[in-house]
Amino acid sequence: MQNTETQPKKNQLLKILGVGFGIAVTIGGTIGTGILRKPGPIAQALGDPWVIMGVWILVSIYAFLGVLCTIELGVSFPKAGAWYVYARRAFGGYAGFVVGFNSWLGTSSATAFGAFTMSEYITLLLPQAVGYETYIAIGILLGLALLHWVGLRTASQAQEIMSVAKAVGLFAFVAICFVYGDAVTPTQVVETTANAVEKGSMIGALIFALQAIFYTYDGWHTAAYFAEEDADPARNLPKSMIGGLALIVVIYLLVNAAILYILPMPVLQQSKLAAADAITLIFGEKSGKIVTFFLMISILGIVNAQVMFNPRVLYSMSRDGLFVPQGTRVNAGGTPSVVMPLSVAMAIVFIISGKEASGKLSDIATFFFVIGYTSGFASLLRLRQTEPSLPRPWKVPGYPIVPWVVLLASVAFLVGAGFQDPGSSVYALGFLILSYPLYLLVKRLNKA
């Protein structure tokens, strides 16, 4: 992390971040419990190890192409807020408001769900805390809020430490499985693959698996939220985003390979926490607490990243007159001093609503996140037409094929997920409809 300024100008963010933080926040904002929890349900849906790995590779390619597109947008418009910034520039204020508001709301619900999940893992280690999960989750968010209030430098260093610990832990898990575990026999692979073919609709299974893996990969764009705080975004953002995603892809594919190597398919298909089951198979029941502790660190890293980047959306919206004027305030440490506590408070509201409600909102948030991707890729295509002379320090290779491929893939995912999970899609549509009167209200308040 580079140190070029020690104090922000009035209501401006600090430009002190570099490649190290960009990679750390990409890893921290992406890798959570998904890679440890999703392999079981995905195996239950698909059944075939080769198909499972193929779908993970497919989504990895999507994320890589998405990163190439996002880098062009991020270095062309190095402002806090990512998808909001690009949508507003390309399609106007209302489109920007819709993307920004729903991104903020979706991330708030995901933050709440993450803190709640972490509190449950804490009670596994401390059984006497059972029944206090809501209070523990709120305490986690309040503690992170205090950390971020101190300033960007402290919060970014904490993110780097958590991300390194997370990456080292996952690589260690892979090594343990391959060194100490016994491989699944070829007979077991053939038998379970044959049984999988007899299952229901492969299209429905693929849509379910894609939705699960999309959720696990969400966060590959996180570094773009901090482009305004990067000391040299044109130089650093490509390294941060490509380097961070490359590490994530390697970790995800290796972890899946390790799980498939050691767990027979029938066991994996019934597993709610595949990584813990793999370690338990090797070292016995008592080793489960090690995995539980690692899960806590992993969740803390992603929640910390969310508490960092989510307020940047409202900060940028406030600066553009699409949220309250007070939202532009920044304290001496470089933290948005109004919208950071507001974002944490929104997540606490979701926590108080209960885990089931926040979990449902977290599912709905997947739609919002992919809508954000879709708006970004569409923005890139439109801005190439409307602003052809705009300075672009980075241009996506393979234009226009690459942005069109990821745009169509995003739309296809939204349509498929809508049929697969109509309840969440209806709620997401409801939030989109609600955004219009909110937009009119905010515009009126800013004129008053």
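Residues numbered from 1 in each chain as written. Predicted model: local features only at pLDDT ≥ 70, side-chain atom pairs only at ≥ 80, totals over all residues. Heavy atoms only, no water.

S.K.: Quick question: what am I supposed to make of the overall build of the protein here?
M.R.: On a plain count of helices and strands, the protein comes out with 18 helices and zero strands. Radius of gyration (C-alpha) of the protein: 21 Å, near the 22 Å computed for a compact globule of 448 residues. Taken along the three principal axes of its C-alpha coordinates, the protein extends 70 × 50 × 40 Å. Of all 448 residues assigned to the protein, the portion counted as buried reaches 57%. Expressed as a percentage of contacts within the protein between residues at least 6 apart in sequence, the contacts between residues at least 24 apart total 83%. Surface exposure of the protein reaches about 18,300 Å², of which carbon and sulfur atoms provide 67%. (Helix = DSSP H or I, 4+ residues; strand = E, 2+ residues; numbered from the N terminus. Rg over C-alpha atoms; globule rule 2.2 N^0.38 Å. Buried < 20%, exposed > 50% of the residue type's maximum accessible area, 1.4 Å probe, protein only. Contact = heavy atoms within 4.5 Å. Areas by Shrake-Rupley, 256 points an atom, 1.4 Å probe, with all protein chains shown as cover.)

S.K.: Could you clarify how one ought to interpret the nonpolar core in this entry?
M.R.: Counting 141 residues, the largest nonpolar core has Leu141, Phe173, Tyr217, Trp220 and Tyr373 as the members making the most contacts within it. Broken down by element, this core gets its largest block of residues, 15 residues, from helix α14 (residues 288-319). If we ignore the near neighbours within four places in the chain, the residues touching Phe173 are Val255, Ala258, Ile259, Ala275, Ala278 and Ile279. (Core = buried A, V, L, I, M, F, W, Y, C linked by side-chain atoms within 4.5 Å.)

S.K.: Before we go on, may I ask you to explain the environment of Thr117 in this structure?
M.R.: The residue Thr117 is located in helix α6 (residues 93-125) in this model. Under the relative-accessibility criterion, Thr117 is labelled buried at 8%. Separated by 84 residues in the primary sequence, Thr117 and Thr33 have C-alpha atoms spaced 9.2 Å apart.

S.K.: Got a minute to help me understand the packing of aromatic side chains in this structure?
M.R.: Think of a pair of aromatic rings as described by two things: how far the centres are apart, and how the planes are tilted against each other in angle. In total, this model carries 21 aromatic pairs according to the counting rule given. Aromatic side chains Phe178 and Tyr261 sit 4.8 Å apart centroid to centroid with 45° between the ring planes, which places their arrangement in the tilted category. In this pair, Phe178 is assigned in helix α8 (residues 152-180) and Tyr261 in helix α11 (residues 233-262), connecting sequence segments 83 residues apart. Given the relative accessible area of 26%, Tyr261 is considered partly exposed. Put simply, the rings of Tyr62, Trp83, Tyr86, Phe214, Trp220, Tyr373, Phe377 and Phe413 touch in pairs and so form one group of aromatic residues. Sitting above the plane of the Tyr399 ring, Arg384 keeps its charged end 3.9 Å from the centroid. (Phe/Tyr/Trp six-rings, centres within 6.5 Å; stacked < 30°, edge-to-face > 60°. Lys NZ or Arg CZ within 6 Å of the ring centre and 35° of its normal.)

S.K.: Explain the side chain of Thr123 here, please?
M.R.: With respect to the helices, strands and loops of the structure, Thr123 is situated in helix α6. A relative accessible area of 9% places Thr123 in the buried class.

S.K.: Even after reading the chapter, I still don't get helix α17 (residues 401-420), so can you show me in this structure?
M.R.: A rise of 1.5 Å per residue sets the reference length of α17, with its 20 residues, at 28 Å; its end C-alpha atoms lie 28 Å apart and thus fit the reference within 8%. For α17, every residue scored as buried is listed here: Val402, Pro403, Val406, Leu407, Ser410, Phe413, Gly416, Ala417 and Gly418. (Expected span 1.5 Å × (residues − 1).)

S.K.: Honestly, the pattern of salt bridges in this entry has me stumped. Any pointers?
M.R.: If the charged atoms of two oppositely charged side chains come close together, the side chains can form a pair. Taken as a whole and assessed by the stated rule, the structure comprises six salt bridges. With its nearest N and O atoms 2.9 Å apart, the salt bridge here joins Arg384 to Glu72. Placement of Arg384 in helix α16 (residues 355-386) and of Glu72 in helix α4 (residues 49-76) is noted, with a sequence separation of 312 residues between them. For Glu72, a relative accessible area of 2% gives the class buried. Arg319 is the partner of Glu228 in a salt bridge, and the nearest nitrogen-oxygen pair spans 2.7 Å. Residue Glu228 is found in the loop between α10 (202-217) and α11, and its partner Arg319 is found in helix α14; the two are separated by 91 residues along the sequence. (Salt bridge = Lys/Arg side-chain N within 4 Å of Asp/Glu carboxyl O.)

S.K.: In this structure, what is going on with the packing of α6 against helix α15 (residues 339-352)? I would like to understand it.
M.R.: Between two packed helices, the angle of one axis relative to the other and the distance separating the axes together describe the packing. The contact between α6 and α15 brings their axes to 8 Å, and the two run at 60°. In terms of orientation, α6 lies oblique with respect to α15. By crossing handedness, the relation of α6 to α15 is classed as right-handed. Of the residues in α15, those touching α6 at Trp104, Leu105, Ser108, Ser109, Thr111, Ala112, Ala115 and Phe116 are Leu342, Ser343, Met346, Ala347, Phe350 and Ile351. When its residues are assigned to classes, the contact of α6 with α15 shows 10 nonpolar, four polar and no charged. (Axes fitted to C-alpha atoms, helices over the stretch in contact; angles between N-to-C directions. Parallel < 35°, antiparallel > 145°, perpendicular 65-115°, else oblique. Left-handed = near helix turned anticlockwise from the far one by under 90°. Nonpolar A, V, L, I, M, F, W, Y, C, P; charged D, E, K, R; others polar.)

S.K.: Mind showing me how you'd approach a nonpolar patch on the surface here?
M.R.: A cluster of nonpolar residues, Phe171, Leu247, Val250 and Leu254, forms a patch on the protein surface that exposes about 280 Å² of accessible area. Here the nonpolar patch takes three residues from α11, the largest share from any one element. Judged by relative accessible area, which is 34%, Phe171 ranks as partly exposed. (Patch = residues over 30% accessible without salt bridge, like charges linked within 9 Å, V, L, I, M, F, W, Y side chains within 5 Å.)

S.K.: Please explain helix α13 (residues 274-283) as it appears in this structure.
M.R.: Because an α-helix packs 3.6 residues into every turn, residues spaced three or four apart end up facing the same way. Taken together, the buried positions of α13 are occupied by Ala274, Ala275, Ala276, Ala278, Ile279 and Thr280. The secondary structure elements touched by the buried residues of α13 are α2 (34-37), α3 (39-46), α8, α11, α12 (265-269) and α14. One or two positions beyond α13, positive phi appears at Gly284, with a value near 100°.

S.K.: Whenever I open this one, the packing of α8 against α14 confuses me. Can you help?
M.R.: For the pair α8 and α14, the least separation of the axes is 9 Å and the interaxial angle reads 145°. Seen along the crossing, α8 lies across α14 with a hand that is left-handed. Judged by residue contacts, Leu152, Ala155, Ser156, Gln159, Met162, Ala165, Lys166, Gly169 and Leu170 of α8 engage Phe294, Ile297, Ser298, Leu300, Gly301, Ile302, Asn304, Ala305, Met308 and Arg312 from α14. Classifying every residue of the contact of α8 with α14 by side-chain character gives 11 nonpolar, six polar and two charged.

S.K.: I tried to follow unusual backbone geometry on my own but got confused; where do I start?
M.R.: The general pattern is negative phi for most residues beyond glycine and trans for most peptide bonds. In this structure, the amide linkage connecting Tyr399 to the following residue, Pro400, adopts the cis form with an omega of 0°. In this structure, Pro400 sits in the loop between α16 and α17. Even without being glycine, Ala82 reaches a positive phi, approximately 55°. Within the fold, Ala82 resides in the loop between α4 and α5 (83-91).

S.K.: How should I be thinking about the environment of Ala175 in this particular structure?
M.R.: On the secondary structure map, Ala175 appears in helix α8. With relative accessibility at 39%, the residue Ala175 sits in the partly exposed group.

S.K.: Mind showing me how you'd approach the confidence of the model for the protein here?
M.R.: Low-pLDDT portions of the prediction should not be read for the details of their coordinates. Predicted confidence across the protein gives a mean pLDDT of 87, with 92% of residues reaching 70 or more. In the model, residues 193-199 has pLDDT below 50 throughout and makes seven contacts with residues more than four positions away in sequence or in other chains. (pLDDT = per-residue confidence, 0-100.)

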